[in-house]
Amino acid sequence: MNDWLQLFQMAFLSLMTAIVNPLFWLVFILVMIQYKKIIKMEMSILGMPKHSIKDKMRNALWMGLLGGFIGTIFFILLGITLQPKDFTYILPMAVFMMMINARYICFSYAGGLLSLFSLVFGFPQINVSSIMAIVALLHLVESMLIWLDGDKDATPIFMKDPRYGVIGGFMLQRFWPIPFTVLLLSMGTSEGARELNLSDWWPLFRAQINSINLEQTMLQMSVVVAALGYGDIALSATPKEKTRKSSLRLLAYSLILLLLSVISTRLQVFQYIAALFAPFGHEALIIYGQKEEKRLKPIFRNYSEGVTVLDVMQDGYGREMGLRPGDVILKINNRMITNQESIREVLYDFPSYIWVDIITRKGIRKTLEHKDYRRGIRNLDIIVIPEQAEVLFQPQTSFSLGTKLIKKVFGKQKTTM
């Protein structure tokens, strides 16, 4: 019981330490910049942001601290340790990978490639099992945050589909500043290790100190700050359905990688397997998700009759009466609805009572009602799929920062000649 209490105390103290860490607030500011870009997009599509930057950042802070608390418990519980020099190679490698493609900044690519270089060429000399375990646990924490928070504030978008014309969907973008604690091994005394009984029950720590003189090893706690992010597009499912599916897949990936990492402390061949699985397994998840979206039918599209609801505003009349994304509005007060303009015409005189005939996503016909005798019903506060959209979302399947910089530099040189 004392060990568990000490474990939770260390996790809590790491969060308190992170709050006064300038690096944590630097990552916090970077996350805020990303959310400001999303708000700008929401303004262009909706005319207003779904939530203020203050609300988004408050949510990012609390979810990030929760993720850091859970991550720290897992890191310490499994006894995952690093030598200080191990982590110095990952960030530069991640930045280099980002220059090739923006999404390669994920540690699964940088950690996997560094581990392969270390195993094949002997440089850099890093603890492959620890690096792979850290990558696995970061993705495990990310999968939990996606499950809990991934579908919030989903941004409605319109796209052009060759089969169905204009379709609707949601851009899912979440960012979290994550502070977590890792155990650092350096030469010195191992009193801290003995006090925590690490060698008795923490498997990764026990395996790593087999080749180290425990009496010459010093265990230190170090707070590391990272930024986790989730980006996806929901076309064939609602945001919640999409994030649940993505979360479970990422959880399976992280558990497999973690298992390979633990086994690799005993069998060296599994270090190669883990190092290969980290980048290629992560890439396979992305490719499979993209192909799945192309294969499945989009649910937010125009049908032969009525108009399809893409999004329902918080605290609006539509949400109060029970309208949900994916519903198809057939009639309002017995008048046929064919587009957004026909909805405006029905509500032009602010009726105090309306009934709406709809078909749900499951094909069930319903009639919804709403009354407002004091003010009248001015609008339904919903976004529907139009026949033509002024702003179309263009997904960037490949974005290379390095290529963009090269074109910018050489483009300027060309214009000055």
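Every value quoted in this text rests on a predicted model; they were computed, and no experiment measured them.

### As for the overall build of the protein
Within the protein, the secondary structure is distributed over 14 helices and 10 strands. In the protein, buried positions account for 48% of the 417 residues. Sequence-distant contacts, at least 24 apart, represent 74% of the contacts inside the protein between residues at least 6 apart. Only carbon and sulfur atoms are counted for the fraction: they give 62% of the accessible area of the protein, which is about 21,600 Å².

### Some words on the pairing of strand β8 (residues 353-359)
β8 sits mainly inside the fold: five of its seven residues count as buried. Pairing of strand β6 (residues 328-332) with β8 involves four bridges; the strand directions are antiparallel. Across the sheet, the residue bridging to Ile332 is Val356, located in β8. Examined bridge by bridge, β8 and strand β9 (residues 365-371) share seven bridges and lie antiparallel to one another.

### Let's talk about the pairing of strand β5 (residues 307-312)
One face of the sheet, then the other: side chains in a regular strand alternate in exactly this way. For β5, the tally of buried residues reaches six of six residues, placing the bulk of the element in the interior. Bridge count between β5 and β6: two bridges; the pairing is antiparallel. Each bridged residue has a counterpart across the sheet, and for Thr308 the counterpart in β6 is Val328.

### Looking at the packing of aromatic side chains
This structure, assessed with the given rule, holds seven aromatic pairs. Seen in terms of ring centroids, Phe24 and Trp25 are 5.2 Å apart; in terms of plane orientation they differ by 80 degrees. Their pairing is edge-to-face. Using a relative accessible area of 0% as the deciding quantity, one classes Phe24 as buried. Between the aromatic rings of Tyr353 and Trp355, the centroid separation amounts to 5.6 Å while the plane-to-plane angle is 40 degrees, which identifies the pairing as tilted. Look at Trp355 and you get partly exposed, because its relative accessible area is 26%. Members of the aromatic cluster, connected to one another through ring pairs, are Phe24, Trp25 and Phe28. For Arg244, the ring lying beneath its charged end belongs to Trp147, and the centroid distance is 4.0 Å. The ring of Tyr164 has Arg301 lying over it, and the distance from NZ or CZ to the ring centre is 4.8 Å.

### A short note on the environment of Leu119
Locating Leu119 in the fold gives a position in helix α5 (residues 107-121). Sequence separation of Leu119 and Val269 is 150 residues, and the distance between their C-alpha atoms is 9.9 Å. Every residue in contact with Leu119, bar those within four places of it in the chain, is listed here: Val128, Gln271, Tyr272 and Ala275.

### What to know about the packing of α5 against helix α11 (residues 269-295)
Where α5 contacts α11, the axes come no closer than 8 Å and their chain directions differ by 150 degrees. The angle between α5 and α11 falls in the class roughly antiparallel. Considering only the axes of α5 and α11, their crossing is left-handed. Contact residues: α5 offers Ser108, Tyr109, Gly112, Ser115, Leu116, Leu119 and Val120, while α11 offers Gln271, Tyr272, Ala275, Leu276, Ala278, Pro279, His282, Glu283 and Ile286.

### Some thoughts on helix α6 (residues 128-149)
Helical geometry: 3.6 residues make up each α-helical turn, so side chains three or four residues apart lie on a common side. A rise of 1.5 Å per residue sets the reference length of α6, with its 22 residues, at 32 Å; its end C-alpha atoms lie 31 Å apart and thus fit the reference within 8%. With 19 of its 22 residues buried, α6 lies for the most part within the structure.

### Description of the pattern of salt bridges
Opposite charge on two side chains permits pairing when their charged atoms draw close. In the structure shown here, the tally under the stated rule is 17 salt bridges. Notably, a salt bridge pairs Glu241 with Arg361, separated by 3.1 Å at the nearest N-O pair. Remark: Arg361 occurs in the loop between β8 and β9 and Glu241 occurs in helix α10 (residues 239-264); sequence separation between them is 120 residues. Taking the relative accessible area as the measure of exposure, Glu241 reaches 37% and is therefore partly exposed.

Cut-off values and rules
- Residues numbered from 1 in each chain as written.
- Predicted model: local features only at pLDDT ≥ 70, side-chain atom pairs only at ≥ 80, totals over all residues.
- Heavy atoms only, no water.
- Helix = DSSP H or I, 4+ residues; strand = E, 2+ residues; numbered from the N terminus.
- Buried < 20%, exposed > 50% of the residue type's maximum accessible area, 1.4 Å probe, protein only.
- Contact = heavy atoms within 4.5 Å.
- Areas by Shrake-Rupley, 256 points an atom, 1.4 Å probe, with all protein chains shown as cover.
- Pairing = 2+ DSSP bridges.
- Phe/Tyr/Trp six-rings, centres within 6.5 Å; stacked < 30°, edge-to-face > 60°.
- Lys NZ or Arg CZ within 6 Å of the ring centre and 35° of its normal.
- Axes fitted to C-alpha atoms, helices over the stretch in contact; angles between N-to-C directions.
- Parallel < 35°, antiparallel > 145°, perpendicular 65-115°, else oblique.
- Left-handed = near helix turned anticlockwise from the far one by under 90°.
- Expected span 1.5 Å × (residues − 1).
- Salt bridge = Lys/Arg side-chain N within 4 Å of Asp/Glu carboxyl O.

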